[in-house]
Amino acid sequence: MVACMTSCGSKDTGKKEWDKSVTVQVGPNPETLDPALNSAVDGGNMLITLFETLLIIDKDNNVQPGQAEKYTVSDDGLTWTFTMRDGLKWSDGTELNAKDYEYTFKRIVDTNVAAPYALTVAGMIEGYLDARGNPDADGKPTTTPDPNLLNVKASDDGKTLTIKLAYPCSYFDKIVSFGTTSPVQKATVEANGDAWATKPETYICNGPFMISEWTPSERIVCKKNPNYKGGWDSSKIVADTLTFLLLEDSSASYAAYTSGTAQMIKDVPTEEIPTLKEQRKDEFYIDTILGTYYISLNLSKAPFDNVNVRKALSLAIDREYVASTIMQGTYTAAYNYVGPNIIDSEGMFFDNAKKANNGNTYISADHEANLAAAKQALADAGYPNGEGFPTVEYLYNTADNHKKIGEALQNMWQTELGVTVNLNNQDWNVFLQNRKDGNFQIARNGWIADYNDPCSFLDMWYTDGGNNDAQYSNPDYDAAIDAAKATSDPEERMKAFHEAEDILIGQDSVLAPIYFYTQPYMLNPDIDGMYY
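Described in the following lines is the structure provided in the data block. (Residues numbered from 1 in each chain as written. Predicted model: local features only at pLDDT ≥ 70, side-chain atom pairs only at ≥ 80, totals over all residues. Heavy atoms only, no water.)

**Some thoughts on the overall build of the chain**
Reasoning step 1: Helices and strands together make up the secondary structure of the chain, namely 17 helices and 19 strands.
Reasoning step 2: In the chain, which comprises 532 residues, the proportion classed as buried is 55%.
Reasoning step 3: Partitioning the intrachain contacts of the chain with sequence separation of at least 6 by distance along the chain shows that 71% fall at a separation of at least 24.
Reasoning step 4: Total accessible area on the chain is roughly 21,000 Å²; 44% of this is exposed by carbon and sulfur atoms.
Reasoning step 5: Here the chain contributes 43 positively and 75 negatively charged side chains, and the mean placements of these two sets differ by 5 Å. (Helix = DSSP H or I, 4+ residues; strand = E, 2+ residues; numbered from the N terminus. Buried < 20%, exposed > 50% of the residue type's maximum accessible area, 1.4 Å probe, protein only. Contact = heavy atoms within 4.5 Å. Areas by Shrake-Rupley, 256 points an atom, 1.4 Å probe, with all protein chains shown as cover. Lys, Arg positive; Asp, Glu negative; His and termini not counted. Charge placed at Lys NZ, Arg CZ, Asp CG, Glu CD.)

This is how it looks when you write it as structure tokens:
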């Protein structure tokens, strides 16, 4: 999801108190605003206003020049050379150049940093495995890790950045547009350690806005960055102040909007949606985004190491009820993992996955048939009618919608399978850390594509991947992902990705998709130039 808030202002300039000061609600207190460490949507939405990557994605999802004014790709697709704009500066006024990007990429692959997206954004770069210490099957280094072995090199004058790939990557332009690759200032990071990204005075950035005030769990206030130069038209950045309201409760968020405290919110109470659709069409939006809401099952913990247990829990979910009733029809029930609108070599990935499966999704839309299959799978796992199945826990972060879904799942599993589930809600940051560390049995989860390609959904489940919350490992799956990344043939590449999804969902039932995301949000109709 992208929230561009760099071109905003009232259509009735001079008539509104907030002409030069706009307040938006994008989510809870961020887990981190270090670009290398962030893996959450709310953090990502803030980062794109505070930083700018080599290339950027515009509102029409097209790649445009960012801090790099142009780039070239060698005929063999392996060498990418970026030419930086002249006169680039950090928010503190010091010079920014290609050397900062070299440092950034090498920091991302530094094993001491533990960036969750390291494999995603740098796995295709020559020297990646050497930089990571050539890890063995258990993820342990077999050589000394050395980030300097990553083949990313700035010219002596800092004008160009050259990145040599190990194999052609047709979407690498989108990789260098992704927030994880936002540049960070070496002097600031080394002087302050992880704390550099926790307070305004050390938060040096290069985007249209910079942080001026930070009140944890309340708000982050940003002011226009006077030193910004890049891909966005500075003349259209008319807001002097941009405030991120740190709210996750949808009722509190809606109250902030209706009172005029916030001009844009992304969380609205589900019970308000029918009324908003009918009566506030000029300010309530539901946009298509590329994402899936699902539950993670921790495969490192019994009984979830049993594939039949995982199948039973997934098949017992009434997805249509969740999407249509709980979520008021805002979302679409998901019976596959990779959803609609993700491109394939020809057509759409979702459509082609169904064609390859005799026109069927991986999980049937026939809920009654699914229930029968779920009960059989649980019996096959050794727990007929739930007998002997241990009481388990479902972890979710504090938010009305997640609570309602958790309660529905709890009831479905108890009623249909005889499985008792306790609910445990945690604040966002605590929840994220526990899920990332594998401190859960079942956890609510969701994924928004970082770019329009099935790789964005599938490579995260690679063994020891930074976002592999399920602790999943299957050599056949890894081989399919490797094959997809190693070929320059679009058809062969997508064939390998389809094989990977077959293994992930069709064979191993690693996760249970529930619905495909859309993005409901409210935007004051007097505001122009803002979008999710």
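Here the narrative resumes.
**A few points about the packing of aromatic side chains**
Reasoning step 1: If you walk through the whole model with that rule in mind, you get 26 aromatic pairs.
Reasoning step 2: Taking 4.9 Å as the distance between ring centres and 75° as the angle between the ring planes, the aromatic pair formed by Tyr383 and Phe389 counts as edge-to-face. An identical accessibility class is assigned to Tyr383 and Phe389; each is buried. (Phe/Tyr/Trp six-rings, centres within 6.5 Å; stacked < 30°, edge-to-face > 60°.)

**Digging into the pattern of salt bridges**
Reasoning step 1: What the rule picks out here adds up to 15 salt bridges.
Reasoning step 2: Glu31 serves as the salt-bridge partner of Lys436, at 3.6 Å between the closest nitrogen and oxygen. With Lys436 in helix 14 (residues 428-437) and Glu31 in the loop between strand 2 (21-27) and helix 1 (41-50), the pair connects residues that are 405 residues apart, well separated along the chain.
Reasoning step 3: Residue class for Glu31 comes out partly exposed when judged on its relative accessible area of 22%.
Reasoning step 4: As a salt-bridge pair, Asp34 and Arg107 come within 2.6 Å of each other at their nearest N and O atoms. Here Arg107 lies in helix 2 (residues 98-108) and Asp34 lies in the loop between strand 2 and helix 1, a separation of 73 residues in the sequence. Each member of the pair, Asp34 together with Arg107, is buried.
Reasoning step 5: When salt bridges that share partners are traced, they join Glu69, Asp86 and Lys159 into one network. (Salt bridge = Lys/Arg side-chain N within 4 Å of Asp/Glu carboxyl O.)

**Structural notes on the nonpolar core**
Reasoning step 1: Core analysis: the biggest nonpolar cluster contains 113 residues, and Phe172, Tyr337 and Trp413 have the highest contact counts within it.
Reasoning step 2: Considering each element in turn, this core owes the most residues, seven residues, to helix 17 (residues 490-507).
Reasoning step 3: Ignoring anything within four residues of it in the chain, the contact list for Trp413 reads Ile295, Leu313, Ala316, Ile317, Tyr394, Gly418, Val419, Val421 and Ile442.
Reasoning step 4: Residues Ile211, Cys222, Leu523 and Met530 belong to the second largest nonpolar core, which totals 32 residues. (Core = buried A, V, L, I, M, F, W, Y, C linked by side-chain atoms within 4.5 Å.)

**Considerations on the sheet that holds strand 6 (residues 79-84)**
Reasoning step 1: Taken in spatial order, the four strands of this open sheet run 5-6-8-7, and their pairing is antiparallel. The sheet is open, and its two borders are formed by strand 5 (68-73) and strand 7 (152-154), each paired with just one other strand. Sheet twist, expressed as the mean angle between neighbouring strand axes with direction ignored, is 15°.
Reasoning step 2: Note: strand 6 against strand 8 (residues 160-164), five bridges, orientation antiparallel. Its bridge partner lying in strand 8, Thr83 is registered against Thr160.
Reasoning step 3: Sheet contacts for helix 2: strand 6, strand 7 and strand 8; angle to strand 7, the most-contacted strand, approximately 160°. (Pairing = 2+ DSSP bridges. Axes fitted to C-alpha atoms, helices over the stretch in contact; angles between N-to-C directions.)

**Some words on empty space enclosed by the protein**
Reasoning step 1: As enumerated under the stated definition, the model contains one cavity of 30 Å³ or more in all.
Reasoning step 2: Reported here for the largest cavity is a volume of approximately 40 Å³.
Reasoning step 3: Taken together, Pro116, Leu119, Thr120, Asp459, Met460, Gly465, Gly466 and Asn467 form the lining of the largest cavity.
Reasoning step 4: Of the residues contributing to the lining of the largest cavity, the split by class is three nonpolar, four polar and one charged. (1 Å grid on protein atoms, 1.4 Å probe; cavity = no way out; pocket = protein on both sides within 12 Å on 5 of 7 lines; lining within 4 Å. Points joined across faces, edges and corners; volume = space filled by probe spheres on them. Nonpolar A, V, L, I, M, F, W, Y, C, P; charged D, E, K, R; others polar.)

**A look at the layout of surface pockets**
Reasoning step 1: Each pocket or cavity is described by its volume, and for the second largest pocket that value is around 1,300 Å³.
Reasoning step 2: Along the walls of the second largest pocket sit 46 residues, with Tyr128, Arg132, Asp464, Gly465 and Gly466 positioned nearest its centre.
Reasoning step 3: For the lining of the second largest pocket, the elements supplying multiple residues, two or more each, are helix 3 (118-122), helix 4 (128-131), helix 14 and helix 16 (475-486).
Reasoning step 4: A total of four residues in the lining of the second largest pocket trace back to one element, the largest contributor, which is helix 16.

**Overview of the packing of helix 9 (residues 307-315) against helix 12 (residues 367-380)**
Reasoning step 1: Their axes nearest at 8 Å, the elements helix 9 and helix 12 cross at an angle of 155°. Taken together, the axes of helix 9 and helix 12 lie roughly antiparallel to each other. Here helix 9 and helix 12 pass one another in a crossing that is left-handed. The segment helix 9 lies against helix 12, with Asn308, Lys311, Ala312 and Leu315 engaging His367, Asn370, Leu371, Ala373, Ala374, Ala377, Leu378 and Asp380.
Reasoning step 2: Split by residue class, the contact of helix 9 with helix 12 holds seven nonpolar, three polar and two charged. (Parallel < 35°, antiparallel > 145°, perpendicular 65-115°, else oblique. Left-handed = near helix turned anticlockwise from the far one by under 90°.)

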